[in-house]
4 protein chains.
Amino acid sequence: MLFQRIKSEGLAHNSYFIASRSEAALVDPRRDCDVYVDVAQKEGVKIKYIFETHRNEDYVIGSAELSRLTGAEVLHGPRSDWGYGTRIENGREFEIGGLELRAVHTPGHTDESMSYVLREPSSGEVPVLVFTGDALFVGDVGRTDLNGEAEVPRMAGALYDSIFGAILPLGDGTILCPAHGAGSVCGLRIADRDESTLGIERQQNPALQVADREEFVKRKLAEKPETPPYFTQMHEWNLQGPPLLKNLPIPVPLTAREFKSEIEKGAVVVDTSSPTSFVAAHIKDSFSIWLGGLALFAGWFLPYDRPILLILEDQHELETAVRYLVRVGYDRVSGYLKGGIEGWYNMGFPTECMQVIDVHDLKAMIDRGEDMIVLDDRKDDEWNSGHIEGAMHVYVGHIPERMAEIPREKPVAMVCSTGRRAGMGGSILLREGFREVYNVLGSMTAWRAAGYPVSMED
Amino acid sequence: MLFQRIKSEGLAHNSYFIASRSEAALVDPRRDCDVYVDVAQKEGVKIKYIFETHRNEDYVIGSAELSRLTGAEVLHGPRSDWGYGTRIENGREFEIGGLELRAVHTPGHTDESMSYVLREPSSGEVPVLVFTGDALFVGDVGRTDLNGEAEVPRMAGALYDSIFGAILPLGDGTILCPAHGAGSVCGLRIADRDESTLGIERQQNPALQVADREEFVKRKLAEKPETPPYFTQMHEWNLQGPPLLKNLPIPVPLTAREFKSEIEKGAVVVDTSSPTSFVAAHIKDSFSIWLGGLALFAGWFLPYDRPILLILEDQHELETAVRYLVRVGYDRVSGYLKGGIEGWYNMGFPTECMQVIDVHDLKAMIDRGEDMIVLDDRKDDEWNSGHIEGAMHVYVGHIPERMAEIPREKPVAMVCSTGRRAGMGGSILLREGFREVYNVLGSMTAWRAAGYPVSMED
Amino acid sequence: MLFQRIKSEGLAHNSYFIASRSEAALVDPRRDCDVYVDVAQKEGVKIKYIFETHRNEDYVIGSAELSRLTGAEVLHGPRSDWGYGTRIENGREFEIGGLELRAVHTPGHTDESMSYVLREPSSGEVPVLVFTGDALFVGDVGRTDLNGEAEVPRMAGALYDSIFGAILPLGDGTILCPAHGAGSVCGLRIADRDESTLGIERQQNPALQVADREEFVKRKLAEKPETPPYFTQMHEWNLQGPPLLKNLPIPVPLTAREFKSEIEKGAVVVDTSSPTSFVAAHIKDSFSIWLGGLALFAGWFLPYDRPILLILEDQHELETAVRYLVRVGYDRVSGYLKGGIEGWYNMGFPTECMQVIDVHDLKAMIDRGEDMIVLDDRKDDEWNSGHIEGAMHVYVGHIPERMAEIPREKPVAMVCSTGRRAGMGGSILLREGFREVYNVLGSMTAWRAAGYPVSMED
Amino acid sequence: MLFQRIKSEGLAHNSYFIASRSEAALVDPRRDCDVYVDVAQKEGVKIKYIFETHRNEDYVIGSAELSRLTGAEVLHGPRSDWGYGTRIENGREFEIGGLELRAVHTPGHTDESMSYVLREPSSGEVPVLVFTGDALFVGDVGRTDLNGEAEVPRMAGALYDSIFGAILPLGDGTILCPAHGAGSVCGLRIADRDESTLGIERQQNPALQVADREEFVKRKLAEKPETPPYFTQMHEWNLQGPPLLKNLPIPVPLTAREFKSEIEKGAVVVDTSSPTSFVAAHIKDSFSIWLGGLALFAGWFLPYDRPILLILEDQHELETAVRYLVRVGYDRVSGYLKGGIEGWYNMGFPTECMQVIDVHDLKAMIDRGEDMIVLDDRKDDEWNSGHIEGAMHVYVGHIPERMAEIPREKPVAMVCSTGRRAGMGGSILLREGFREVYNVLGSMTAWRAAGYPVSMED
């Protein structure tokens, strides 16, 4: 038996490759699916099945793409009509070489969510692995708010039943294979560890330490995870069948002059440099989204119908940037600035700055009572776990729609956990014409390390 | 300036990547053209032009494929209508970043053959490189027989004029970049060295050491290079525009049982194992073509309209085998035997043998006057340079059509230069029902090394 | 937390890389330890500790080598004096970034065997992973015969206590990380699957399905695993500290003439070609050990004090061959034959053959009552699970010492499971002057597939 | 024949791998010589000879290191005593498989400089390649000032004789293989192109377009190339035999706290981030040397007797940084800051800034007559080709020794060609306590692009 977890960086997404003898199956493949074909060829196996645990909202599903390349059959859960693949019911079994995989309906995150239980009959009947999709994570459980707030009680109840009634009974010894790891938008508190079992989760997953179904549902009702606007597009494509890639987009290097011309024709500029580099010099109106944050944040800010241009700190990051964007459906990555921002300013083209400040100076300014805004753009739960007294709180993804609330005549000091989202939020303000925007480097991490006071008040 | 020779192993084909600033051009790209896109991305350049030196006969041209991926413009010579690309005339100039490339019409190998001369104006006017296609090689010149024997005088004369009138006058210091290296079917005596200049060739290329045009033509008339039957298909595709690949075929691993079933449905089996392994065990009716010989010999024996199945010595050779076949237009590579020949005989399925003999035993048998055939399947020029007295000569590619001449009731000892083509030729005989076929390991190389007598008589 | 299983092919050996924040630890590193340094650099962590589960017998321990490169501290169990590293007692705890690793003394395989239990305190107290060395495998338990037969009752009892008293009580949900996978000489029945947990093993590991300690010991007494002679050398080195490698040996390509000269000076030749290729042509007195079997079988046949020369099917296998040999302490890999066996016979140098036969012909010969020996050189348990009636049984590793028992005047048909060890055993016979040796291709696998009768009699 | 140019990025150094049959030779290998062993193994050849064109001053010679690994013989020119290798005289010949290499004494750059001429006798007597070391480059000739100013007439005369008397007479068609490409400190005007021949150079190399020996010498006398202080150390090591590496240094990741502690113990900090990132946040007293400039500029500023700590923009640049430093003899690269500068400021540790300004603002400040210094730290020839009127000129490498000339009470705007050396020079000023230092982004490139006036006055 061959088992491989293939992670999609940027999305904290896990797909799984399983094989036995000359047959293989994939669980939840991503869209840039060359990696699976490569593994199959290296291992000398044929991809026979592609199992989807659920329609996903946070990335473009790769099943159709992989099926086009390999002829593998796509399988997904009941209670929703997909434009492709085969709908399967609870209990259906599949053979992959000497392995046996059984589909178990585990609704809750979505109605059609499936888990897949893998046994190796030659060594015994105990389930070896379970692929739980977004039902059960390491250290957390799936979101139940995707059908809207009104549906949460029903969905959360279903999730409780799925986990306690169908998954945990497989036994403590079964290895857990969820669809996401730490950092995903699909689970707020997923542990930063990939290895777990049902036994470990049963005993220490905080979300499972509940008295009963009612408490479980109540807790889910209290959660307010963010829902990026691009989820709508993902949802639609994943049900219909997303546009096929065939090959990754091949963005071309553009001279500063060509780059400028593309901007004038309507292209959107994303600068993936570090926050420090961005503050020193960037092109007017560019979005600051650091490379590692591209897959998670592009969908909050970037349009699907305009070409995207990249500014990279290092040209070798191009493939990573393209893959991150393609995974969330941005296929129109048409070019990148040759030589990075240096290619721009070497031509004498104007660059813009952001201001930079460290936590000690920020503390001093606050203590002096300077007339300024401290804008914290972290998530609700981060804010709730402690912030700078007197700060204003707007999640970075909501800054565009709540722009009117932010006083633009005052200096704004952007704060997040380390300075990355601060820089991103700051770039949104600069696009709107704010003049004096500071990135507080190190942000709350440095603020705490420096021993400055933290408020829990809202 | 960036310059890279990208060799297509198996075909002894050279393509060239040249770039300056953010622009690049390709000369004679191959069909599996991912390598060019990778180089362009790594170097941060955009492929602007694709130059073809001529319609090729020995491989599928990659221009259309590469143009589909990159949008680059395809350019080719005059005097023939291609189904794609732009026809250019003698003297047309192109800019690639800071480089200047001039097209020079150099007919002879074909009527539309072009050479391309590269200058770097910033450092001077002396031509730095010349891409000569199949006009001038290192140590040889191109074939002039492809329009048929009757046309050789005209073509050879044109080639003389192109080389002496247009190429050599560029100056001794210009670096030579031909379309083929040693081992190509497009030049019999190409040197086993890639580095040369017009000066070196002018002084020591044997084909250029002629008194005059007449002698040059006379020598070309005396040449009898082999013309594999697949040239016809290549020619047709390369003019019309070959079928697009999009991605490499993905042959699947087949169990012995599945493999057998595919054979029964009409698939052709190619065994790329070493000659020694093939003699000990192979599947009935399989073709023995060692991996490195696949691109050169597939076109002599394999049909284009049937699926091809592979037997590999090592599964990791799959990609190489697929690329070699695709380069000569075999896209229906549908599967390979899981576990190689071992996967077959482990199932209890029958294998066949060839006999094996070394040169000492062969010598003894000949000396004893045993009633047998020594069949030498090398090329004419190899045969002419010395062979075993009394041997019969049929070039390996002609064995199928000259089968009737070979006595099938006698033992046949196959001889080539080392034993590879001997094994290939032997496999053709076994397919036809010959019973006692010997591969003479080491063949003429070992025969000579052993000091046995060599005949020059025909 | 970062966790990576790093497998040493050829030995079926597992080492483990664990890391958290900027610190890492290794469990049971191999000798060619560049891979660990590479992972550490890629992940941006510093190797702080190297844990040994036990002195090993089947490969050269890599701790000293890795410690030299990285400065990491080497830790091993009590009750034996190692010439390097630090001796630790039961219960000692270590921190690796945010992880906690506790040493647990689990004797039985050896007296000083340790297991290491990994917890991640930030997520809870349940043990996540346990590194069990050779105490508990997936589907089997460790050998208890290495201190000699007389000690088996004491060692087996200790192993029972370690597994049932110290390992299984960690809980069903703990993931199992043993030192070996399927194919190791350290466990006869290890499952061909790397993923398991204590729960899965508790429920279905055949070796754990015993009524009590007594039955466990009794079963261990009945086992007769093979002990290759090189274990002695490994044992000695691993206690003292093995010779440091610094870098992998760099064998040079040798022309046939140079190769011959090295043989004459006393070098040993190992031919790693496939069994089929070996039968057709090999150099006199060479050992036939296929590439994948090199690490497992070299130690049965090859001396440590003579240079080793390689014949490879493909030159690109050189690094693999060198690594396999170095892992079992053969550092004097001085050269390889340029061009493989073809390089030899092309020079007119003589090659030898083995005979080849398929199971159908073997059956016919047996049925005809031909005067021949069928020599089965598989392991005891394979032989006991079914063999050809009338066959003689000598394990391949014992052929040299039991040579006198094998009648050399008769034809010998070598049989194993597929033909590989048959070829290896056959090469031993040929070295001893046997004249007519057959490799039965497919051997017992094909014999069974063909439906021929199998005897269980001894 | 196999020929490969292996470039050492950062140094613009070329080494050459040549091979034929089973033998290979290296010309001018670098110190991190694993690449040559890898190529030799891939190509199946044995490195027999290592040829040095001359003792080098700009990098640590790799001959001794490579010889230790492979046993190859090291060969160097006459008239100097090396602590290793074999001294050879003009005219000595060597065989490498089927190739013939002849040593030609070509003094001028140094007294013992050799060129090596490669012929392939099987194809003719015309020299194919010539390895010219630092005698003749593409577009320039070697420095003649390394023995001091007084010796320039003698050395330059010798160089003229070597080039016109020994190298060019090989013929226009010979391919040129010099020891350096564009960007090297060993040649001011080397063309940005690797491909050339003696013919091209004879006709268009500016340094060869002289009336006679006298003019050649006169021109060399007028040159004032920079001589970094580390040349002395290189010279000494390269004659004696440099310290052996055995393996690359393995710098460990350090937390901000550990990093701080190492600084306090005396380590030197090199920040390889982009100039833009450095201006926004850097650690006090760190040197700003961008990654690509590390090999060229480390030797101007860094001591050999203190540990070096790195701050990287991306952790994956670590190997590159280590190689660049090791090539110029910095083996004590002991650690790097985990997480880069973000790892530092996240701990609340203070960072420093530089100021940033674009050319338009600089122009405005100058026009307003602000009291400031414009400090141009480019090389003499760059300065001479045009600079900002009123600017002060100190080459970046000389800033430390000419510090007293720079007024520290005024703002200093650092200018170079693009902003990189400006940032580097600025970091030197900041270390000395300057308070207001500006990096003029784009520097003279942007200044010219903007159409601002350029002065040629000194």
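Q: Could you give an account of the environment of A:Ser417, with specific residues and numbers?
A: Residue and element names in this part refer to chain A. Locating Ser417 in the fold gives a position in the loop between strand E20 (412-415) and helix H14 (420-431). Here the alpha-carbon distance between Ser417 and Ile388, two residues 29 residues apart in the chain, equals 12 Å. Leave out the neighbours within four places in its chain, and Ser417 touches Arg378, Glu382, Gly442, Ser443, Met444 and Thr445. In terms of polar contacts, Ser417 uses its side chain to reach the side chain of Arg421, at 3.1 Å.

Q: Which residues make up the packing of aromatic side chains, and what values do they have?
A: For the structure on display, the rule yields 72 aromatic pairs over all chains. With a centroid separation of 5.5 Å and an interplanar angle of 65 degrees, the aromatic rings of B:Tyr160 and B:Phe216 are classed as edge-to-face. A residue pair is termed long-range when its members are at least 10 positions apart, and B:Tyr160 in helix H3 (residues 152-167) and B:Phe216 in helix H5 (residues 213-222) qualify at 56 residues. The exposure class assigned to B:Tyr160 is buried, which follows from its relative accessible area of 16%. Given the relative accessible area of 2%, B:Phe216 is considered buried. In this structure, D:Lys260 is placed above the aromatic ring of D:Phe349, and the distance from its NZ or CZ to the ring centre is 5.3 Å.

Q: Before we move on, could you go through the interface of chain A and chain D and cite the residues and values that matter?
A: At the junction of the two partners, chain A supplies 27 residues and chain D supplies 27 residues. Summed over both partners, the interface of chain A with chain D buries about 2100 Å², with 54% contributed by carbon and sulfur atoms. Looking only at chain A, the three residues that lose the most surface to chain D are A:Thr276, A:Tyr345 and A:Asn346, adding up to 24% of its buried area. Counting across the interface, chain A meets chain D through two salt bridges. Of the charged contacts, one joins D:Arg420 and A:Glu342 as a salt bridge, the two residues approaching to 2.7 Å between their closest N and O atoms. At the junction of chain A and chain D, the tally comes to 10 residue pairs in polar contact (both at pLDDT 80 or more). Elements with a contribution of two residues or more to the side of chain A that touches chain D: helix H8 (275-280), helix H11 (340-345), strand E17 (355-358) and helix H15 (443-449) of chain A. Here the side of chain A that touches chain D takes four residues from H8(A), the largest share from any one element. For the side of chain A that touches chain D, the per-class residue count stands at 11 nonpolar, 10 polar and six charged.

Q: How would you explain the interface of chain B and chain D if you had to name every residue and give the values?
A: The interface of chain B with chain D comprises 22 residues on the first partner and 22 residues on the second. Carbon and sulfur atoms supply 57% of the area buried between chain B and chain D, which totals about 1900 Å² over both sides. For D:Arg193, the salt bridge goes to B:Glu120, with nearest N and O atoms at 2.6 Å. One can count 14 residue pairs in polar contact (both at pLDDT 80 or more) joining chain B with chain D. In terms of residues, the side of chain B that touches chain D owes the most to one element, helix H4 (residues 198-204) of chain B, which gives four residues. Grouping the amino acids of the side of chain B that touches chain D by side-chain chemistry returns eight nonpolar, eight polar and six charged.

Q: Give me the sheet that holds strand E11 (residues 175-178) of chain B: which residues, what numbers.
A: Residues and elements named next belong to chain B. Pairing is mixed in the open sheet, where five strands are placed in the order E7-E8-E9-E10-E11. Of all the strands in the sheet, the pair left with one neighbour each is strand E7 (93-96) and E11. Strand-to-strand twist in this sheet, taken as the mean axis angle between neighbours without regard to direction, amounts to 25 degrees. Of the pairings in the sheet, the one linking strand E10 (residues 129-133) to E11 comprises four bridges and is parallel in character.

Q: Hey, could you go over the pairing of strand E3 (residues 23-27) of chain A for me, with residue numbers and the actual values?
A: Looking along a regular strand, one sees the side chains alternate between the two faces of the sheet. Residue and element names in this part refer to chain A. Within E3, four of the five residues are buried, which leaves it mostly tucked inside the rest of the structure. Relative to E3, strand E2 (residues 13-20) is paired through five bridges, and the arrangement is antiparallel. Paired with Phe17 across the two strands is Leu26, which belongs to E3. What sits between E2 and E3 in their antiparallel hairpin is a turn of two residues, with Arg21 showing a positive phi close to 50 degrees. Pairing between E3 and strand E4 (residues 46-51): five bridges, direction parallel. Directly across from Leu26, in E4, lies its bridge partner Ile50. Remark: the E3/helix H1 (residues 34-43)/E4 crossover connection has right-handed handedness.

Q: I'd like a rundown of the pattern of salt bridges, residues and numbers included.
A: Under the defined criterion, the tally for this structure stands at 137 salt bridges over all chains. Notably, a salt bridge pairs C:Asp285 with C:Lys284, separated by 3.6 Å at the nearest N-O pair. Residue C:Glu370 pairs with C:Arg368 through a salt bridge whose shortest N-O separation is 2.5 Å. Residue classification places C:Arg368 among the exposed positions, given a relative accessible area of 54%. One network of salt bridges, with partners in common, ties together A:Arg30, A:Asp32, A:Asp34, A:Glu319, A:Arg323 and A:Arg327.

Q: Just give me the short version of the relation of the copies chain B and chain D, but keep the residues and values in it.
A: Between the two copies of the chain lies a rotation about an axis combined with a shift along it. The transform that puts chain B on chain D rotates by 180 degrees and translates by 0.0 Å along the axis, for an RMSD of 0.1 Å. Considering both components of the superposition, the chain copies are consistent with a two-fold axis. Taking C-alpha positions as reference, the residue of chain B nearest the rotation axis is B:Gly173, located at 2.3 Å. By residue overlap, the copies meet face to face through one surface: 100% of the interface positions of chain B are interface positions in chain D.

Q: How would you summarise the side chain of B:Arg421 if you had to cite specific residues and measurements?
A: By the element assignment, B:Arg421 lies in helix H14 (residues 420-431). Overall, the relative accessible area of 9% leaves B:Arg421 in the buried class.

Q: Which residues make up the pairing of strand E1 (residues 2-8) of chain B, and what are the values?
A: Residue and element names in this part refer to chain B. Judged from the seven bridges that link them, E1 and strand E2 (residues 13-20) form a sheet pairing that is antiparallel. By the bridge assignment, Ile6 is partnered in E2 with Ser15. Linking E1 back to E2 in an antiparallel pair, the connection comprises four residues, with Gly10 at a positive phi of about 90 degrees.

What counts as what
- Residues numbered from 1 in each chain as written.
- Chains lettered and ligands numbered in written order.
- Predicted model: local features only at pLDDT ≥ 70, side-chain atom pairs only at ≥ 80, totals over all residues.
- Heavy atoms only, no water.
- Helix = DSSP H or I, 4+ residues; strand = E, 2+ residues; numbered from the N terminus.
- Contact = heavy atoms within 4.5 Å.
- Polar contact = N/O pair within 3.5 Å; in protein donor to acceptor, adjacent residues only side chain to side chain.
- Phe/Tyr/Trp six-rings, centres within 6.5 Å; stacked < 30°, edge-to-face > 60°.
- Buried < 20%, exposed > 50% of the residue type's maximum accessible area, 1.4 Å probe, protein only.
- Lys NZ or Arg CZ within 6 Å of the ring centre and 35° of its normal.
- Buried area = accessible area lost by both parts, 1.4 Å probe.
- Salt bridge = Lys/Arg side-chain N within 4 Å of Asp/Glu carboxyl O.
- Nonpolar A, V, L, I, M, F, W, Y, C, P; charged D, E, K, R; others polar.
- Pairing = 2+ DSSP bridges.
- Axes fitted to C-alpha atoms, helices over the stretch in contact; angles between N-to-C directions.
- Right-handed = clockwise from strand over helix to strand, strands pointing away.
- Least-squares fit on C-alpha atoms with pLDDT ≥ 70 in both.

Distances and angles like these do not, on their own, reveal function.
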